[in-house]
Amino acid sequence: RPRAHTHTHNIYIYHKMFKKFDPSNDVSTSTQVKASVQRAIKSQISTSHPSLTDAILDELLPKKPPLVQYKVGPHLMLYCRGSEPVFFQQRDGPILPSLKFVHKYPTLDFTNVVVDKGA
């Protein structure tokens with residue numbers, strides 16, 4: 001039989017998983033990315049997704065509007081072009097495209113990530 005504390009903890013986790021993202025509370029900093037940093041980000045993306053050529057990356061991430069980097073929580077960086085989230089990075093992991101970005105460009109061959117084989 002579960003203890004009351006465990007039940008309360010599970011409700012808290014469920015609430016955290018499904019609550020709406022609120023930039024005013026969830027974002028600690030936002031910074032406009034400098035051109036040199038944007039080139040480094042493109043290089044990391046190119047390494048993580050070798051099928052994307054430099055020409056494709058230049059089209060996906062033009063110099064204008066500049067990328068904005070948002071620090072979300074302690075371990076997540078979100079990269080946005082204007083108000084559109086395009087890539088994210090958790091800790092020091094690879095830079096991955098947002099789901100919305102993948103759906104916007106369905107013909108591009110991003111590197112696949114498998115989360116759970118049984119799901």
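Before reading on, note that the structure itself is shown above.
Each chain has its residues counted from 1, following the order in which its sequence is written. For a predicted model such as this one, the threshold for reporting local features is a pLDDT of at least 70, and the threshold for listing and counting side-chain atom pairs is 80 or more; totals across whole chains, interfaces and linings nevertheless cover every residue. Hydrogens and waters are ignored; side-chain quantities use all the structure's heavy atoms.

### Digging into the pattern of salt bridges
Criterion for a salt bridge: a side-chain nitrogen of Lys or Arg within 4 Å of a carboxyl oxygen of Asp or Glu. Tallying each qualifying case throughout the model produces three salt bridges. Residues Asp 58 and Lys 42 are paired through a salt bridge, measuring 2.9 Å at the closest nitrogen-oxygen approach. Highlighted residues: Asp 58 in helix H4 (residues 54–60) and Lys 42 in helix H3 (residues 35–48), separated in sequence by 16 residues. Any residue under 20% of the maximum accessible area for its type is buried, any over 50% is exposed, and the rest in between are partly exposed; the area is computed with a 1.4 Å probe on protein chains only. By relative accessible area, which is 44% here, Asp 58 ends up partly exposed. The partner of Glu 84 in a salt bridge is Lys 104, and the shortest N-O contact between them spans 3.4 Å. With Glu 84 in strand E4 (residues 84–90) and Lys 104 in helix H5 (residues 99–104), this pair connects stretches of sequence that are 20 residues apart. Only DSSP runs of H or I covering at least 4 residues are called helices, and only runs of E covering at least 2 are called strands; the numbering of each starts at the N terminus.

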